[in-house]
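Listed here are the chains, written in short residue letters.
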Amino acid sequence: MSNAKAPRSLRFEAAMNSANDNSNYSGAKVSAVASLIAVASFSGAEAQQALPAVTVDAPVARPRPAASKPTPDQVRARTALRNAARRNQQAQQAPVPFPNAGGLAADRDPYADAAAPYKVDHVQSSSKFPEPILNTPKSITVLSKDVLADKNATTLKQAILSTAGVTLGSGEGGNAFGDRFFIRGFDARNDIFIDGVRDPGVSVRENFFTEQVEILRGPGSSFAGRGTTGGAINIVTKQATEEKSFYNMDTTFGTDQTKRVTLDVNQVISPTLAVRAGGLFQDADVAGRNNVTDDRSGAFVATKWTPVDAVKITGDYVHTELHGIPDFGVPYYRPGSPAPGNIFTSTAGGPFPEFGSPANAFYGLVNRDFFKVQQDIGTVSGEVHVTPDLVLTDKIRASRSMNSYVGTTPESPVIATPLSASTVTINPQSRYQITDVLANQSEATYKFDTGGFKHTAVGGVEISRETSYIDKYAGLTSEGNGTVSSTGGSFPGTSVFYPQYTNALPASTPTLAGLPTNLSIDTRSVYLLDSVNYHDLVILNGGIRYDDYTINTSGYGSVGGVTTLGAQSAEFGMPNFNLGLTLKPAPNGSVYAAYATSTNPVGAEFDGTSTAYGGLSPILNGTNNQIFGPEKNQAIEVGTKWELFDRHLLLTAALFQTNKENAREAQNVGSAAAAAAIPGCSYTLPAGSGSVSCITAGAAYYVRGIDLGVGGKITDKWSVFGGLVLMQSEVTKSLAPSPQPLLYPTNVGLQLANVAHQSFSMLTKYQLTDVWELGGQAVYRSKIYGGTLLAANQGTSLPSYWRFDAFAEAKIDKHWTVKLFVNNIFDKRYYDALYQSATPFVLEAPGRAAYLVVSARY
């Protein structure tokens, strides 16, 4: 029987459905429905017989009134409404494969391509960078949530060091141990941001609350303020979503005794309110390093409230605590006997494990050494859409971080025959630093058109106060094997091959010395940026920023052997700007050129306790000047970006050069004659009573190179993420003498220290079936040369290396996943950083380790 329905039956069903949907209708309405049913009961033929014949006249043409022409105001209003509708239209996201078939996971990275999560389309700051990364005239590397997971990177350090173009620096006597990175050859340890707000003071940062990590390469003072010469790192934190509730847990077990659990829960309270919370617990050792421990705990909570469509209020709080026994590395071997002043005639040598000492040898004191890093970060943000084209935002941040440690560095080796009889002096390094930040960012974003040009203009005001309390520990004397250390806690004569003081007992409990340095930086900034898009053919970017920067420091120092209280202050006004031009030869490609500036004022490296380490000392022995005008940087970059394979793979390539002028240098001089050779330096102490620090400004150097990147999917089953950076650097002007004159008569012409000039990384995975995925990572770093904070002038170096990782993932069902990682498959012994002296300590990287990660997603 046919299922086709006559008009009568359609009307009948409509009436019945209406009645069923409204069973509480009044009797009058029920009667009306019954009348409709009765009328509908006539057949078409019966209705035709009951109607009289109808005569239809031909239409008569009538004159139509002339259409009124819209006024210019009406045209502008209509155009504005159309543009607003177009801008507010949400792009349709493609469904993604299992386990999210038919939809998108609520816990996905919101900035990434849902179908290719290794590829990120936008950075977090959509106001300062309104265009997609494809159209932004700047090299930007973004480690998405999936990239971080497949790298098994649980800290910022692990994530960054497996990325091309970034290397690690060591802590020194005058600056803290922790996350110290070099981007494109420039120190970026205080150019780390969390959700766009600077996170000063060197710390150690966990990833359990991190959504993605953005590396913005090249000068960016017009975007981010002081510093940012080589680039900036922005940590994007996990935020609550009103899309859907989810409940995630990851449990990790490792061959290095790692036991780790993380939780991530998002609860939708109502369509306008959501809360997200997470937690961390970790108990772990470090592969290939004796006695080193790495324990962590933490929690975060984030809320999102949208009382009306035009208003969004978010708040979040993060607490992390890392503690354990630190590892300050292994000693460095240099054959031969140096001349007085530790002057060498050969560059031969290397880290001692390369010459036979045990790679896992630990030179610290397990009963004395410790580290504790703690962070508490609270943020409240508000966003108001005044009109579809005008958005006002405000963000308030209050944070406190603590970096407290006592560690031991193996230095000053005494070479013996046989080599296994060589000894070092193990010296304690300590710090207790509290850093507080109070910052406010207010911003207005306005979108408007001028002809065919679509503008996104951003104006902002930032006010911040950063304070730091820096002290060190006393009472570090220890006793081991019948030997008592020096008053300062050092043990000379420690065996390189068989350290004998590992279990030495402290003679007293370490206490704070009570001679702190108090530091404050007050910054008031205003900026204006504009991005102009002409029909997606030409895009212009420009911006200007002015920072009013004031630094004050007070504390104690040694002058002529006497502990003396001193104070210093400085204030600078720093204008910076950027310009960019992007051409769009095709919708999926861009070619660009960009120019930008940045400045590094005195004291900008917040953890430094002296100008030699980027800080500002309250008082100098010899009272030489240490306040100079800011270092100035200029950079030019030309590049191209293309999206291939259905626009799920982003390829980038750039040529860049950054020049630094008025760079500061520091050196210690021990006589009036040596001081006379240095402009502006004087030696005012009695002869033979010690050395004085002389600071000079006026050095210059450059870094140039090529930066290649790739991220996304080549096929629907094959994902890749990686890059290649090749750099060349040179010191073009230096006022300081070389510390190794027999090797390098001058610093001019030398390359920069602490930089891997060639680096490569590639992460890849392939989906074999709906259940199995296989992946791996290759990382290469070229040789790193040691030296002072400027030139590679000490004749020391770290060997180049390749490191390989692998992983396999099995999706048990839509809720459970098991992943096996093997890091450093071939147990390659390699090194991350070295100290600046002629016989430095060297930070050794972890050995091979395997991890089993069990994940639940509900």
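Residues numbered from 1 in each chain as written. Predicted model: local features only at pLDDT ≥ 70, side-chain atom pairs only at ≥ 80, totals over all residues. Heavy atoms only, no water.

S.K.: Requested: an account of the nonpolar core, with residues and values cited.
M.R.: Buried together is how nonpolar side chains tend to be arranged in soluble globular proteins. Membership of the largest hydrophobic core comes to 45 residues, with the highest contact counts inside it found for Leu143, Leu156, Ile160, Phe181, Val213 and Ile233. Of the residues forming this core, the biggest block, 4 residues, is contributed by helix H6 (residues 156–161). Contact partners of Ile160, with chain neighbours within four places excluded, come to Val166, Phe181, Val213, Ile215, Ile233 and Arg781. Within the second largest apolar cluster, 20 residues are counted, among which are Phe352, Ala361, Tyr501 and Leu834. (Core = buried A, V, L, I, M, F, W, Y, C linked by side-chain atoms within 4.5 Å. Buried < 20%, exposed > 50% of the residue type's maximum accessible area, 1.4 Å probe, protein only. Helix = DSSP H or I, 4+ residues; strand = E, 2+ residues; numbered from the N terminus. Contact = heavy atoms within 4.5 Å.)

S.K.: Just give me the short version of the environment of Thr306, but keep the residues and values in it.
M.R.: Inspection of the secondary structure puts Thr306 in strand S16 (residues 295–308). For Thr306, a relative accessible area of 15% puts it in the buried group. Once the C-alpha coordinates of Thr306 and Thr272 are considered, the two residues, 34 residues apart in sequence, prove to be 4.9 Å apart. The residues touching Thr306, leaving out its near neighbours within four places in the chain, are Glu242, Thr272, Val311 and Lys312. Here Glu242 takes part through its side chain, which lies 2.9 Å from a polar atom of the side chain of Thr306. (Polar contact = N/O pair within 3.5 Å; in protein donor to acceptor, adjacent residues only side chain to side chain.)

S.K.: Which residues make up the packing of aromatic side chains, and what are the values?
M.R.: Applying the stated criterion across every chain yields a total of 27 aromatic pairs. Plain terms: the ring middles of Phe186 and Tyr701 are 5.8 Å apart, the flat faces sit at 20 degrees to each other, and that makes the pair stacked. Placement of Phe186 in strand S6 (residues 186–187) and of Tyr701 in strand S36 (residues 692–713) is noted, with a sequence separation of 515 residues between them. Here the aromatic rings of Phe208 and Phe209 are separated by 5.4 Å at their centres, their planes lie at 90 degrees, and the arrangement is edge-to-face. (Phe/Tyr/Trp six-rings, centres within 6.5 Å; stacked < 30°, edge-to-face > 60°.)

S.K.: Describe the sheet that holds strand S8 (residues 197–198), and please don't skip the residues or the numbers.
M.R.: Within the open sheet, the 5 strands sit side by side as S3-S9-S10-S7-S8. Their pairing is mixed. Every other strand in the sheet has two partners, leaving strand S3 (140–143) and S8 as the edge strands with one partner each. Pairing analysis gives 4 bridges linking S3 to strand S9 (residues 210–217), with the strands arranged antiparallel. Bridge pairing in S9 links Leu143 to Val213. (Pairing = 2+ DSSP bridges.)

S.K.: Kindly report on the pattern of salt bridges, identifying the contributing residues and their values.
M.R.: Across all of its chains, the model carries 42 salt bridges by this definition. One salt bridge in this structure joins Asp369 and Arg368, with 3.3 Å as the shortest N-O distance. Taking relative accessible area as the criterion, Asp369 reaches 4% and is therefore assigned buried. Asp522 is paired through a salt bridge with Arg465; the nearest N and O atoms lie 2.7 Å apart. You can see Asp522 sitting in strand S30 (residues 517–534) and its partner Arg465 sitting in strand S23 (residues 453–471), a full 57 residues away along the chain. Asp522 gets classed as buried once you look at its relative accessible area, which sits at 16%. The structure contains a network of salt bridges with shared partners spanning Asp150, Lys765, Glu773, Glu809, Lys811 and Lys819. (Salt bridge = Lys/Arg side-chain N within 4 Å of Asp/Glu carboxyl O.)

S.K.: Break down the side chain of Thr241 for me, citing the residues and quoting the values.
M.R.: As for its position among the elements, Thr241 is in the loop between strand S10 (231–237) and strand S11 (246–254). At a separation of 3.1 Å, a polar atom in the side chain of Thr241 contacts the main-chain amide nitrogen of Glu243. For Thr241, the contacting residues outside a window of four places in its chain are Ala106, Phe246, Asn266, Val268 and Ala274.

S.K.: Explain the sheet that holds strand S25 (residues 478–480) residue by residue, including any values.
M.R.: Taken in spatial order, the 3 strands of this open sheet run S26-S25-S28, and their pairing is antiparallel. At either margin of the open sheet sits one strand with a lone partner, and together these are strand S26 (483–484) and strand S28 (505–506).

S.K.: Let's hear about the state of the cysteines: which residues, and what values?
M.R.: Tallied over the full model, the rule gives 1 disulfide. The partner cysteine of Cys681 in its disulfide is Cys694, sulfur to sulfur 1.6 Å. Note that Cys681 is positioned in the loop between helix H8 (672–676) and S36 and Cys694 in strand S36, a separation of 13 residues in sequence. Each member of the pair, Cys681 as well as Cys694, carries the same accessibility label: buried. (Disulfide = S-S within 2.5 Å.)

S.K.: Outline the pairing of strand S34 (residues 631–644), listing residues and values.
M.R.: Both strand S33 (residues 589–600) and S34 contribute to a ladder of 12 bridges, which runs antiparallel. Looking across to S34, one finds that Ala594 is bridged to Glu637. Relative to strand S35 (residues 649–669), S34 runs antiparallel, the two sharing 13 bridges. Residue Lys632 lies in a different strand from S35, and its bridge partner there is Glu661.

S.K.: Please set out unusual backbone geometry residue by residue, giving values where relevant.
M.R.: Note the cis peptide between Thr417 and Pro418, where omega equals 0 degrees. Within the secondary structure, Pro418 sits in the loop between strand S21 (390–414) and strand S22 (423–450). Of note, Phe645 is a non-glycine position whose phi angle comes to about 55 degrees, a positive value. Topologically, Phe645 is positioned in the loop between S34 and S35.

S.K.: Now, about the pairing of S10: what can you tell me, with residues and values included?
M.R.: With 7 of 7 residues buried, S10 lies mostly within the body of the structure. Across the two faces of S10 the burial is the same, with Gly231, Ile233, Ile235 and Thr237 and Ala232, Asn234 and Val236 all buried. Across 3 bridges, strand S7 (residues 192–194) lies against S10 in parallel orientation. Each residue of the ladder has a partner; that of Ile192, found in S10, is Ile233. Where S9 lies against S10, 7 bridges are found, and the strand directions are antiparallel.

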